[in-house]
Amino acid sequence: MKKVLLILLFCIFHSWNGKAQADFYSLQPLGDRYIYDSEYFDDSRELQVYRSGVDAMLKSDSLLTIYVFDAQYPPTFNLFCSTFELLYPGVPCIIVGISNPNRQSELTPPYTEEESVKGYDDPGKGDSLLLSLEKEIIPFIKSRYNTGSRNILVGHSLGGTFVTYALLSNPGLFQCILSVFPNYMYSKKMMIDKLSEFTKEYKGNNQLYMYLASGKKDKIEESFKPATEEAIKILSTCPKIVLNYDSLNIEKHSHTIFEGYYRGLLGLKNYINKE
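Note that this is a predicted model, so its numbers are computed, not measured.

Draft legend 1. Here's a closer look at the sheet that holds strand E1 (residues 32–38). Overall, mixed pairing links the eight strands, which are arranged E1-E2-E4-E3-E5-E6-E7-E8 in an open sheet. Each edge of the open sheet carries a strand with a single partner, namely E1 and strand E8 (241–247). Between one strand and the next, the sheet's axes are offset by a mean angle of 20°, whatever the strand orientation. Strand contacts of helix H8 (residues 219–235): strand E7 (208–214) and E8, with the helix running at about 150° to E8, the strand carrying the most contacts. Along the sheet, helix H9 (residues 256–267) makes contact with strand E3 (64–69), strand E5 (151–156), strand E6 (176–180), E7 and E8, crossing E6 at roughly 150°.

Draft legend 2. Broad picture of the pairing of E1. Bridge count between E1 and strand E2 (residues 43–52): seven bridges; the pairing is antiparallel. Bridge pairing links Ile-35 to Glu-46 in E2.

Draft legend 3. Structural context of H9. Between its terminal C-alpha atoms H9 stretches 15 Å, which fits the 16 Å expected from twelve residues at 1.5 Å a residue. Within H9, the full set of buried residues consists of Thr-256, Ile-257, Phe-258, Gly-260, Tyr-261, Tyr-262, Gly-264 and Leu-265.

Draft legend 4. Structural detail: the packing of helix H6 (residues 158–169) against helix H7 (residues 186–201). Between H6 and H7, the least distance of the axes is 11 Å, while the angle of their chain directions is 30°. Considering their axes alone, H6 and H7 lie roughly parallel with respect to each other. The element H6 and its partner H7 pack so that their crossing is left-handed. Together, Thr-161, Thr-164, Tyr-165, Leu-167 and Leu-168 of H6 and Met-191, Lys-194, Leu-195 and Phe-198 of H7 make up the contact between the two elements.

Draft legend 5. Geometry of the side chain of Asn-78. Secondary-structure assignment places Asn-78 in helix H3 (residues 74–87). Using a relative accessible area of 15% as the deciding quantity, one classes Asn-78 as buried. With near-sequence residues (within four places) excluded, Asn-78 lies in contact with Gln-28, Pro-29 and Leu-30.

Draft legend 6. Representation of the packing of aromatic side chains within the structure. Going through the model one piece at a time under the given rule, you end up with nine aromatic pairs. Seen from their ring centres, Tyr-34 and Tyr-145 are 6.5 Å apart, and the 80° between their planes marks the pair as edge-to-face. Of this pair, Tyr-34 sits in strand E1 while Tyr-145 sits in helix H5 (residues 126–145), placing them 111 residues apart in sequence. Residue Tyr-145 is classed as buried on the basis of its relative accessible area, which comes to 3%. Pairing Phe-198 with Tyr-202 gives two aromatic rings, centres 5.0 Å apart and planes at 20°, and the pair type is stacked. The buried category is assigned to Phe-198, whose relative accessible area is 10%. Judged by its relative accessible area of 13%, Tyr-202 is buried. Grouping aromatic residues by their ring pairs yields a cluster made of Tyr-34, Phe-140 and Tyr-145. Over the face of the ring belonging to Phe-41 we find Arg-45, whose NZ or CZ atom lies 4.0 Å from the ring centre.

Draft legend 7. Representation of the confidence of the model for the protein within the structure. When pLDDT is averaged along the protein, the result is 88; 87% of the residues meet or exceed 70. Across residues 6–10, where pLDDT falls below 50, the model places four contacts with residues more than four positions away in sequence or in other chains.

Draft legend 8. A look at the pattern of salt bridges. Scanning the entire structure with this criterion turns up nine salt bridges. Across the pair Arg-45 and Glu-106 runs a salt bridge whose closest N-O atoms are separated by 2.4 Å. Here Arg-45 is found in strand E2, whereas its partner Glu-106 is found in helix H4 (residues 103–106), with 61 residues between them in sequence. A relative accessible area of 3% places Glu-106 in the buried class. For Arg-263, the salt bridge identified is with Asp-246, shortest N-O distance 3.1 Å. Placement of the pair is Arg-263 in helix H9 and Asp-246 in strand E8, with a sequence separation of 17 residues.

Definitions and cut-offs
Residues numbered from 1 in each chain as written. Predicted model: local features only at pLDDT ≥ 70, side-chain atom pairs only at ≥ 80, totals over all residues. Heavy atoms only, no water. Pairing = 2+ DSSP bridges. Helix = DSSP H or I, 4+ residues; strand = E, 2+ residues; numbered from the N terminus. Axes fitted to C-alpha atoms, helices over the stretch in contact; angles between N-to-C directions. Contact = heavy atoms within 4.5 Å. Expected span 1.5 Å × (residues − 1). Buried < 20%, exposed > 50% of the residue type's maximum accessible area, 1.4 Å probe, protein only. Parallel < 35°, antiparallel > 145°, perpendicular 65-115°, else oblique. Left-handed = near helix turned anticlockwise from the far one by under 90°. Phe/Tyr/Trp six-rings, centres within 6.5 Å; stacked < 30°, edge-to-face > 60°. Lys NZ or Arg CZ within 6 Å of the ring centre and 35° of its normal. pLDDT = per-residue confidence, 0-100. Salt bridge = Lys/Arg side-chain N within 4 Å of Asp/Glu carboxyl O.

Given below as structure tokens:
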């Protein structure tokens, strides 16, 4: 199984060379495509839905649903779906790809200091995405695919920042995240402050599950890493959080997503296999 995945990764890496680089964004994503009108973005939005080991009409209040951000990049969404099927062929699951056309805007939480986000394009609209997820996307998926209450949020880089923000904002709905090298340096490390406050005050009955990963040497990776290490120390003090962390032997920020998905899904096996 691992050899098959490595071959798949090799093919994707080499598809970036030459003319294949230009074709990266035109690959056909897996699953069903839906367009919905979002009240919170005042625009049409796109969803990609892939069924892994489940009939469309299966009714189950424990049916797992995984929401994957940055699905505007079909190869990475396809890779996630394929990786899940390789690792968990016996676990029925609905995998929802959410496109984020302006990721610097909608994947960033409301900032605490304006000067610190000057390099971002219209940042701080994370609450709009959070509301769209809670009020539009999840109800639509539940109504159409009979999903249950077990949700996993998956994000890379700013996507990892957003999924962390979502868990802290609504741990009753989002109990599990897979975050591949999140940007916790955003807005003067405001997420570190939020994590510290959350771990001290969280009194919920739900056990929460988090997977975090980082790389090395790459300029972006190294700039993010101190805040990630702070987050790990904070999260490790909370008995209600099951934390898995990997320091990946990868030297390019954009490549951490591939092994991060694989190792993240392995690290969250207790939640994925939970009935």
